[in-house]
Amino acid sequence: MSTSVEHLLAAKEIAIACGSGGVGKTTVAAALGTMAATHLGGRVLVLTVDPARRLASALGLEAFGNAETRVAPEAFAAVGLEPRGELWVAMLDTKQSWDDLVRRHAPDEKTRDAILANPLYTNITAKFVQSHDYIAMERLFEIHSSGRYDLVVVDTPPTRNALDFLDAPARMAEFFESRLLRWLTVPYRSRFVTLASRPFYQMADRILGTQFLQDIAEFFSLFQTMQRGFVARAKEVTRVLADRRTTFVVVSTLEAAPLDEAEFFMDALRARRLQLGALVLNRVLPPYLLDARATAAADVLRASADDLGADLAPLVDAPPARVSGVLTEVANSFSNFQVVAKREAEQRAELAGAPEVTVAVPYLDEDVHDLGGLARLGALLWG
Amino acid sequence: MSGSLLERRLLFVTGKGGVGKTTVSAALALLGARSGRRTLVCEVDAKGTLAAAYETGRLAFEPRQLEDRLFAMAMNTEDSLREYVGLQLRVPLLARVRPLARTLDFVATAAPGVREILTVGKLCYEVREEHYDLVVVDAVATGHIIGQLTAPQAIQELVHVGVVSDQTRWMRTILEDPVLTGLIIVTTTEEMPVVETIELASRVHDETKVELAAVVVNRVLPELFGRAEEDVFDRLRGAEPSARLRAEAGPGVHEVFDAAELAVSLRRRRTEYLAALRDALPPSLPMLFVPELFARATGMRATSQVASALAEELS
């Protein structure tokens, strides 16, 4: 059992950062990758889905997109780091990745071109959401099995449901194996439609129109040529997720909604026998907000603001009223933030099923958008 | 300035995860109902957070009345399909629904726009049938909203004839009429939500014909002090005043000042993002500000506080 994020990552080949939107998942994934490359060595890849622009350009991502790109050693040197290993980064371009997948699995050039030109295919890959989940896992598998990296840190796509991407490979396999798929592609392959299924086709025809049905049938007939490759692949992807060398890092803030999602996700990981490696509680307010002496001091500042203002006015060269005004504001602001800090502490105390490695990261003074920032965040995560 | 917001019939509310999209949706619907409009609010993501915002039990596809004129539902594409088949196609035989549902499930996997259209279709239907004066949609997050709003377009490109093609036509007339329909983006004044809001605003303009009606800036931190006060604050942190304060208020005073410094730096950083946001958005676009509540509750108390803040902004 690992006792720190450092130990955890030293023993793993894939780390998947997950959690609800807006909790800093991408930044945490990038910080973990930076720390691993710096301190553990080897080749480390951060596969990110939707990086903040400034973070992306700081890492040299913008120009490279889907391609894996090495972060220049000079960029590390510029912020005073001497990495033992190499840090690589890549962004997930869904459309590009789907096209690559088709190119890999299509039996011949003609089929490949027909699929890439099919209107349904274009819509699925470019416009709609669910295909992102599968392709993220597929790309992860491809990268991992290539043996190019010692560690791959993945930032998961924003899903409607945190579990979507876990289930995506299995769903994809199921879909290609389904009898329904074969049934629907029948009218395209032969004019023969059984009496029993005729009302079914008539209804589908009335709702969707013949042309669309033909497009669908064509699409799936083409896709079926890749079925074996796809199913085998999807099963392998599922296997890699469950492998001992894979770990999940759940990221959350201490707000109610993300934390609920994190708990739900941790339960789901356990139920699927996937490995919950660490929980990162991000942007936690500083513990001094709960300090009893500070609370007492705030009370004094508020209660004797007038006296203190008069007393301190000559020292700070300002009118007493302004000084007491500032003291009152300072005390009130403390109390305001204390309300939030108390709620956070309570949420944390009630948190069930947190793994042994649970790290709280405080609010940082600066937003993270360069290697230096990632290293500072990483140091707080490392333990 | 933006009193007309609630005059629209269909409001989609989107935003990056974690910015308070659901709370703002719940608050807008509450405002709608309390200003005399028969209002339906619909949660699309089915995460149950809308129910939490009203402190009510689990919501279902069948709208439930929560208070005078306020109704809430949770979207479910299967139920939507069933209703669609029953109402729109006038297919009486329940037996036909099953194979149809399976077909659609299949088609939905192939062209997932079908799911989006069942969602958007149901909402447009409620507007067209005038079941409600106002429909507020707690829609999908910024990354997915374009796909949802353009689903009828996308489907039309794929399906040229048949019932579905006809259906998408009237949906578009509702969605693309700025008198009827508007999109609201919720953001906070943090880096990523602001960046996403700016990007989404331009994509909405370029890729959809739905009008962006307003941006709601949530959790705006109060300004602690003006420039003169800030100077005083800095000087109070000097050695001599610090020692005096420590003597009077005890050793904890240092942390109290640290907390104020944190508040000031958070506020300052966020002011920059807010300025960037204002600069990037069309000047005519209304921005509504909701202050930080300093209580991260998700219950009815928070919802009604946000509603009052919005009411003030809308008046």
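Residues numbered from 1 in each chain as written. Chains lettered and ligands numbered in written order. Predicted model: local features only at pLDDT ≥ 70, side-chain atom pairs only at ≥ 80, totals over all residues.

A. Local environment of the overall build of chain A. Helix and strand counts for chain A come out as 18 helices and eight strands. The burial tally for chain A puts 46% of its 383 residues in the buried class. For chain A, the proportion of contacts with a sequence separation of at least 24, taken over those separated by at least 6, is 78%. (Helix = DSSP H or I, 4+ residues; strand = E, 2+ residues; numbered from the N terminus. Buried ≥ 20, exposed ≤ 12 C-beta atoms within 10 Å, placed from the backbone. Contact = placed C-beta atoms within 7 Å.)

B. Representation of the pairing of strand β2 (residues 43-48) of chain A within the structure. Residues and elements named next belong to chain A. Taking burial as the measure, the six residues of β2 include five buried ones, the bulk of the element. Here β2 pairs with strand β4 (residues 86-91) via six bridges, running parallel. When the bridges of β4 are listed, V46 appears paired with V89. Across four bridges, the pairing between β2 and strand β5 (residues 151-155) is parallel. Bridged to V46 within β5 is V153. (Pairing = 2+ DSSP bridges.)

C. How the structure looks around the pairing of strand β4 (residues 70-74) of chain B. Residue and element names in this part refer to chain B. Across the five residues that make up β4, a large majority, five, are buried. Taking every second residue as pointing to the same face, both faces of β4 are buried, with L70, A72 and A74 on one and F71 and M73 on the other. Note: strand β2 (residues 39-43) against β4, five bridges, orientation parallel. Bridged to E43 within β4 is A74.

D. Molecular detail of the confidence of the model for chain A. When pLDDT is averaged along chain A, the result is 83, and 82% of the positions lie at 70 or above. Predicted confidence in chain A is weakest over helix α10 (residues 179-189) of chain A, with a mean pLDDT of 57, and strongest over helix α15 (residues 292-303) of chain A, with 96. (pLDDT = per-residue confidence, 0-100.)

E. Structural view of the sheet that holds strand β1 (residues 14-18) of chain A. All names here are of chain A. The strand order β3-β4-β2-β5-β1-β6-β7-β8 describes an open sheet built from eight strands, whose pairing is mixed. The sheet terminates laterally at β3 (69-70) and β8 (358-362), the two strands that pair on one side only. Pairing of strand β7 (residues 276-284) with β8 involves four bridges; the strand directions are parallel. Bridge pairing in β8 places L281 opposite A360. Where helix α14 (residues 256-271) meets the sheet, its contacts fall on β1, β6 (246-252) and β7, and the angle it forms with β6 comes to roughly 160°. (Axes fitted to C-alpha atoms, helices over the stretch in contact; angles between N-to-C directions.)

F. Quick look at helix α10 (residues 227-236) of chain B. Turning to α10(B), its buried residues are B:V232, B:F233 and B:L236. For α10(B), the angular spread of buried residues about the axis comes to 100°, placing them on one side. In α10(B), the exposed residues that point more than 90 degrees away from the buried face are B:R227 and B:D234. Those residues of α10(B) that are buried lie in contact with α16 (305-316) and α17 (320-350) of chain A together with α11 (239-249) and α12 (253-280) of chain B. (Arc of directions from axis to C-beta.)

G. Looking closely at the environment of A:R348. Residue and element names in this part refer to chain A. Structurally, R348 can be placed in helix α17. Overall, R348 belongs to the partly exposed group, with 15 C-beta atoms counted inside 10 Å. Sequence-wise, R348 and T253 are 95 residues apart; in three dimensions their C-alpha atoms are separated by 9.8 Å. Not counting residues within four places of it along the chain, the set of residues in contact with R348 comprises L254 and L281.

H. Structural detail: the confidence of the model for chain B. Residue and element names in this part refer to chain B. For chain B, the average pLDDT comes to 87, and 88% of its residues sit at 70 or higher. The secondary-structure element of chain B with the lowest mean pLDDT is helix α4 (residues 97-110), recorded at 56, while strand β5 (residues 134-138) shows the highest, at 98. Among the scores for the predicted complex, ipTM is 0.80 and pTM is 0.81.

I. Region of the structure containing the domain arrangement of chain A. Residue and element names in this part refer to chain A. The domain boundaries assigned to chain A delineate domain 1 (5-285 + 363-382) and domain 2 (289-347). Domain 1 puts five residues into the contact, and the matching count from domain 2 is six residues. Its residues assigned to classes, the side of domain 1 that touches domain 2 comprises five nonpolar, no polar and no charged. (Domains from an automatic or database assignment. Nonpolar A, V, L, I, M, F, W, Y, C, P; charged D, E, K, R; others polar.)

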